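The lines below spell out each chain.
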Amino acid sequence: MTSKAVFSTIRRSLTKPRGGAVSRGHHLSTSAATASESYASDEHAILMKGVRISGRPLYLDMQSTTPLDPRVFDAMNASSIYDYGNPHSRTHLYGWEAENAVEVARIQVAKLIGASSKEIVFLSGATEANNTVVKGVMHFYKDKKRHVITTQTEHKCVLDSCRHLQQEGFEVTYLPVKTDGLVDLEMLRESIRPDTGLVSVMAVNNEIGVVQPMEEIGRICKEHKIPFHTDAAQAIGKIPVDVEKWNVSFMSMSGHKIYGPKGVGAMYVRRRPRVRLEPLMNGGGQERGLRSGTLATQQVVGFGVACELAMKEMEYDEKWIKRLQERLLNGVREKLDGVVVNGSLESRYAGNLNLSFAYVEGESLLMGLKEVAVSSGSACTSASLEPSYVLRALGVDEDMAHTSIRFGIGRFTTEEEIDKAVELTVKQVEKLREMSPLYEMVKDGIDIKNIQWSQH
Amino acid sequence: MMIRQAAKKALGLTPCQSTPLSVGIFRSYHENVIDHCDNPRNVGSFDKNDPTVGTGLVGAPACGDVMKLQIKVDEKTGQIVDARFKTFGCGSAIASSSVATEWVKGKAMEEVLTIKNTEIAKHLSLPPVKLHCSMLAEDAIKAAVKDYKEKRVKTNSA
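Quantities reported herein were computed from a predicted structural model and do not represent experimental measurements. (Residues numbered from 1 in each chain as written. Chains lettered and ligands numbered in written order. Predicted model: local features only at pLDDT ≥ 70, side-chain atom pairs only at ≥ 80, totals over all residues. Heavy atoms only, no water.)

1. Examining the overall build of chain A
At step 1: Check the secondary structure of chain A and you find 14 helices and 15 strands.
At step 2: Of all 456 residues assigned to chain A, the portion counted as buried reaches 56%.
At step 3: Within chain A, contacts between residues separated by at least 24 positions form 71% of all contacts whose residues are at least 6 apart in sequence.
At step 4: Surface exposure of chain A reaches about 20600 Å², of which carbon and sulfur atoms provide 52%. (Helix = DSSP H or I, 4+ residues; strand = E, 2+ residues; numbered from the N terminus. Buried < 20%, exposed > 50% of the residue type's maximum accessible area, 1.4 Å probe, protein only. Contact = heavy atoms within 4.5 Å. Areas by Shrake-Rupley, 256 points an atom, 1.4 Å probe, with all protein chains shown as cover.)

2. Notes on the domain arrangement of chain A
Residues and elements named next belong to chain A.
At step 1: When the domains of chain A are assigned, the result is domain 1 (70-309) and domain 2 (314-444).
At step 2: Listed by partner, the interface residues are 29 residues for domain 1 and 20 residues for domain 2.
At step 3: For the domain 1 and domain 2 pair, buried surface summed over both sides reaches about 2100 Å², with 57% attributable to carbon and sulfur atoms.
At step 4: For the pair domain 1 and domain 2, the number of links is 0 salt bridges.
At step 5: For the pair domain 1 and domain 2, the number of links is 11 residue pairs in polar contact (both at pLDDT 80 or more). (Domains from an automatic or database assignment. Buried area = accessible area lost by both parts, 1.4 Å probe. Salt bridge = Lys/Arg side-chain N within 4 Å of Asp/Glu carboxyl O. Polar contact = N/O pair within 3.5 Å; in protein donor to acceptor, adjacent residues only side chain to side chain.)

3. Quick notes on the sheet that holds strand 8 (residues 228-231) of chain A
Residues and elements named next belong to chain A.
At step 1: Pairing is mixed across the open sheet formed by 7 strands, whose spatial order is 4-10-9-8-7-5-6. Pairing within the sheet leaves two strands with one partner each, and these edge strands are strand 4 (120-123) and strand 6 (171-175). Strand-to-strand twist in this sheet, taken as the mean axis angle between neighbours without regard to direction, amounts to 20°.
At step 2: Bridge analysis of strand 5 (residues 147-151) against strand 6 gives 5 bridges, and the strand direction is parallel. Residue pairing across strands places valine 148 opposite valine 172, the latter belonging to strand 6.
At step 3: Contacts from helix 7 (residues 214-223) reach strand 7 (196-200) and strand 8, with the element oriented near 155° to strand 8. (Pairing = 2+ DSSP bridges. Axes fitted to C-alpha atoms, helices over the stretch in contact; angles between N-to-C directions.)

4. With respect to the pairing of strand 2 (residues 65-73) of chain B
All names here are of chain B.
At step 1: Among the 9 residues that make up strand 2, 8 are buried, leaving the element largely enclosed by the rest of the structure.
At step 2: As paired elements, strand 1 (residues 53-60) and strand 2 share 8 bridges and run antiparallel to each other. Counterpart to threonine 55 in the pairing with strand 2 is glutamine 70.
At step 3: Relative to strand 3 (residues 80-88), strand 2 runs antiparallel, the two being bridged by 8 bridges. Within the sheet, the bridge partner assigned to methionine 67 lies in strand 3 and is threonine 87.
At step 4: Counted along the chain from strand 2 to the antiparallel partner strand 3, the turn is 6 residues long, and its residue glycine 78 has a positive phi close to 75°.

5. Re empty space enclosed by the protein
At step 1: In this structure the tally under the stated criterion is 3 cavities of 30 Å³ or more.
At step 2: There is about 80 Å³ of room inside the largest cavity.
At step 3: Residue lining of the largest cavity: Gly237(A), Lys238(A), Ile258(A), Tyr259(A), Ala310(A), Met314(A), Asp317(A), Glu318(A), Ile321(A), Tyr349(A) and Arg411(A), and that is the complete set.
At step 4: Its residues placed into classes, the lining of the largest cavity shows 6 nonpolar, 1 polar and 4 charged.
At step 5: Two domains each provide a minimum of three residues to the lining of the largest cavity, namely domain 1 (70-309) and domain 2 (314-444) of chain A.
At step 6: Space inside the second largest cavity adds up to approximately 60 Å³.
At step 7: Within the residue set of the lining of the second largest cavity, elements represented by two or more residues are helix 10 (362-368) and helix 13 (415-434) of chain A together with helix 2 (31-38) of chain B.
At step 8: Class assignment for the residues of the lining of the second largest cavity results in 5 nonpolar, 3 polar and 2 charged. (1 Å grid on protein atoms, 1.4 Å probe; cavity = no way out; pocket = protein on both sides within 12 Å on 5 of 7 lines; lining within 4 Å. Points joined across faces, edges and corners; volume = space filled by probe spheres on them. Nonpolar A, V, L, I, M, F, W, Y, C, P; charged D, E, K, R; others polar.)

6. As for the packing of aromatic side chains
All names here are of chain A.
At step 1: Applying the stated criterion across every chain, the model contains 5 aromatic pairs over all chains.
At step 2: Consider the rings of phenylalanine 122 and phenylalanine 303, whose centres lie 6.2 Å apart with planes at 75°: the pair is edge-to-face. With a gap of 181 residues between them, phenylalanine 122 in strand 4 and phenylalanine 303 in helix 9 (residues 297-335) connect regions that are remote in the sequence. You'll find phenylalanine 122 and phenylalanine 303 in the same group, each marked buried.
At step 3: Between the NZ or CZ atom of arginine 146 and the centre of the ring of phenylalanine 170, over which it lies, the distance is 4.2 Å. (Phe/Tyr/Trp six-rings, centres within 6.5 Å; stacked < 30°, edge-to-face > 60°. Lys NZ or Arg CZ within 6 Å of the ring centre and 35° of its normal.)

7. A short note on the environment of Ile217(A)
Residues and elements named next belong to chain A.
At step 1: Here isoleucine 217 lies in helix 7.
At step 2: Given the relative accessible area of 0%, isoleucine 217 is considered buried.
At step 3: The spatial distance from the C-alpha of isoleucine 217 to the C-alpha of methionine 62 is 27 Å, given a sequence separation of 155 residues.
At step 4: If we skip the residues at most four places from it in the chain, isoleucine 217 touches Leu185, Leu188, Val199, Val201, Gln212 and Phe228.

8. Describing helix 3 (residues 93-113) of chain A
Residues and elements named next belong to chain A.
At step 1: Over its 21 residues, helix 3 runs 31 Å from end to end, which matches the ideal 30 Å to within 8%, given 1.5 Å per residue.
At step 2: Those residues of helix 3 lying buried are Gly95, Ala98, Ala101, Val102, Ala105, Arg106, Gln108, Val109, Ala110, Leu112 and Ile113.
At step 3: Next to the buried residues of helix 3 lie strand 4, helix 8 (243-246), strand 9 (250-254), strand 10 (265-269) and helix 9.
At step 4: Following helix 3 by one or two positions, glycine 114 has its phi on the positive side, about 75°. (Expected span 1.5 Å × (residues − 1).)

9. Some thoughts on the side chain of Ser356(A)
Residues and elements named next belong to chain A.
At step 1: With respect to the helices, strands and loops of the structure, serine 356 is situated in strand 12 (residues 352-357).
At step 2: A polar side-chain atom of serine 356 sits 3.1 Å from a polar atom in the side chain of asparagine 342.
At step 3: The residues touching serine 356, leaving out its near neighbours within four places in the chain, are Gly338, Val339, Val340, Asn342, Met400, Thr403 and Ser404.

10. Side note on the pattern of salt bridges
At step 1: Under the criterion given, the structure shown has 33 salt bridges over all chains.
At step 2: With a shortest N-O distance of 2.4 Å, Arg323(A) and Glu415(A) are connected by a salt bridge. Pair noted here: Arg323(A) is in helix 9 and Glu415(A) is in helix 13, with a separation of 92 residues, a long-range link.
At step 3: The class for Arg323(A) is partly exposed, based on a relative accessible area of 46%.
At step 4: Across the pair Lys68(B) and Glu440(A) runs a salt bridge whose closest N-O atoms are separated by 2.5 Å. Of this pair, Lys68(B) sits in strand 2 while Glu440(A) is found in helix 14 (residues 437-443), placing the two residues in two different chains.
At step 5: Since its relative accessible area comes to 10%, Lys68(B) is described here as buried.
At step 6: For Glu440(A), a relative accessible area of 16% translates into the label buried.
At step 7: Salt bridges sharing partners connect three or more residues here, namely Asp69(A), Arg71(A), Glu313(A), Asp317(A) and Arg411(A).

Printed below as a string of structure tokens:
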């Protein structure tokens, strides 16, 4: 009798469609929220920060972070409970087991990038890796090398570390990029000086998704014998990465961009030819003395599993994501004109689609797209009123720089999500264009660029 | 019955109490702003060449904000009978201009010149970083009134 009651409840729960506003069990189910106008009677509606949405939004922001792959979670779960020993404890079984788990992860990460496991250093993320390399390398060679070359589209942590170096007296060249987002190799060659200590170019840009010509840059650096660092946080597990082909001396990697946990990353430091760097974290000398501190075993294990999965599934993911990207782009282009893709369409990672919609402002578009989780390169979404520095480096017109939206597609994105996102985006852009004086002027045949605007 | 309830709880099927989620201060839209963005009032255009219409175009695409505010004035009484707006800008800019069109309707031209951006900002609870949107709305009203007056002078002297 009692078991019947229990079983009938279980059965009902499995067949009933689950809604649920803030219940934890529904993270992966992005039940497409219907953009209905009246939310008053919707008991699943979420009200947060003054915005009311009728369900969890579609997650299309894979560049900012990715959801945890359930297989990674399984590995981390087990490791958290069982591998609780300190991996640096040499004297007992608990330490040895934890160290084993870390070494397995090290091999998994190394395999993904074509390196030896002895060249991998674990730390807290790509930001820490970037900081360690940029500052560490220059501090080590500060007597002979005083110059760093990087690009204008690097991640903020690299640019800020370079700014810090400038304050210490080093010189930094920020290379401009072409309108398709790629580095001009001739300019790179010209900026190299005898005292250049480091070249840092990110492999895949987080905002616009362009893939830099890594092999050519690596060749130039090898010619001039300059260490080549790349921030590959958005690249590993997504495009084929090989430290030998690219001739990189340092590489930064991040866990939470490849369906792994947050709070962990790795740094590749080449052993042949040996490159030296000063550690940022001093202490017990863990991680070859380059990063002291006890490793978070379960985070590292999670990162390793994520890398292994990424290596196995890279080809399949690429096909799936490319298909979804085309579906998204074609879907939007069919219904709307004035859609511009920011950055090269050929040399690009498919999962990052940065679009500008002419005559429509980014923040108002985002506000209307509250049922789609995306991000924008518009001024209003940053704390200052400046549009994204990456878009400005591309030479995008000021008015277009305010209108960009970044769609991030990933392993778990479904076709229905893409279709719904297309539908919502088209609807919102059309509505905003109706409201836009610029669109009206263009329709009337007035050239916007010739108008004298009254600035405020 | 009790077993059923216990099973339900175990499976997490009891309705979740709405936990007080801490709302961050930054990026919190006031419901008035959301309302004006989702249901903007008075979007549209009048004929620019109509002598009873005054058009104010302020802002610049480079700054990310352009507002066009048009007023239709009753020639005999000098009252604004209708208003329309079109805006290229963020949510706060759209809301500010929408509010502006609502407030100018039915008022005399001299009266609308006294509408201050601080009032618009207060009505929408704009954060400091968005105050320039309300400033632009105030400028748009003034520009529309000025344009109408200049037109009348032209038609009177013609």
